[in-house]
Amino acid sequence: MAFFEYCLMVPANRIGFANGLNGFQLKITQEVITLTVFAAFAVLYLKEPFHWKYLVSFALVLGAVYFAFKK
């Protein structure tokens, strides 16, 4: 799973940086994508329960995205 993520991450970072995103914005975006994919994998494949505390955690990460991209 990590191999395919890495194969997509490197070109995506190069494209994002070339289009004006800075390193902090790219890292925050990468973390959101990684957490979203892993959450889906954990719930659908590993059959892990999705608790309310995970939803709160995701909301806080989305808050970080908001502040990272705020002009």
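The rules behind the values
- Residues numbered from 1 in each chain as written.
- Predicted model: local features only at pLDDT ≥ 70, side-chain atom pairs only at ≥ 80, totals over all residues.
- Heavy atoms only, no water.
- Axes fitted to C-alpha atoms, helices over the stretch in contact; angles between N-to-C directions.
- Helix = DSSP H or I, 4+ residues; strand = E, 2+ residues; numbered from the N terminus.
- Parallel < 35°, antiparallel > 145°, perpendicular 65-115°, else oblique.
- Left-handed = near helix turned anticlockwise from the far one by under 90°.
- Contact = heavy atoms within 4.5 Å.
- Salt bridge = Lys/Arg side-chain N within 4 Å of Asp/Glu carboxyl O.
- Buried < 20%, exposed > 50% of the residue type's maximum accessible area, 1.4 Å probe, protein only.

Notes on the packing of helix H2 (residues 23-44) against helix H3 (residues 52-69)
Working step 1: With their axes 9 Å apart at the nearest point, H2 and H3 run at an angle of 155° to one another. If you check the angle between H2 and H3, you find them roughly antiparallel. The two elements H2 and H3 meet at a crossing, and its hand is left-handed. Between H2, through Gln-25, Ile-28, Thr-29, Val-32, Leu-35 and Ala-39, and H3, the contact on the second element is made entirely by Phe-58, Val-61, Leu-62, Ala-64, Val-65, Ala-68 and Phe-69.

Some details on the side chain of Gln-30
Working step 1: With respect to the helices, strands and loops of the structure, Gln-30 is situated in helix H2.
Working step 2: Excluding anything up to four places from it in sequence, Gln-30 contacts Met-9 and Asn-13.

With respect to the pattern of salt bridges
Working step 1: Per the counting criterion, the structure on display carries 1 salt bridge.
Working step 2: With its nearest N and O atoms 2.9 Å apart, the salt bridge here joins Glu-31 to Lys-27. You can see Glu-31 and its partner Lys-27 sitting in helix H2, 4 residues apart, about one turn around the helix.
Working step 3: On the basis of relative accessible area, Glu-31 is assigned to the partly exposed category, the value being 32%.
Working step 4: Residue Lys-27 is classed as partly exposed on the basis of its relative accessible area, which comes to 41%.

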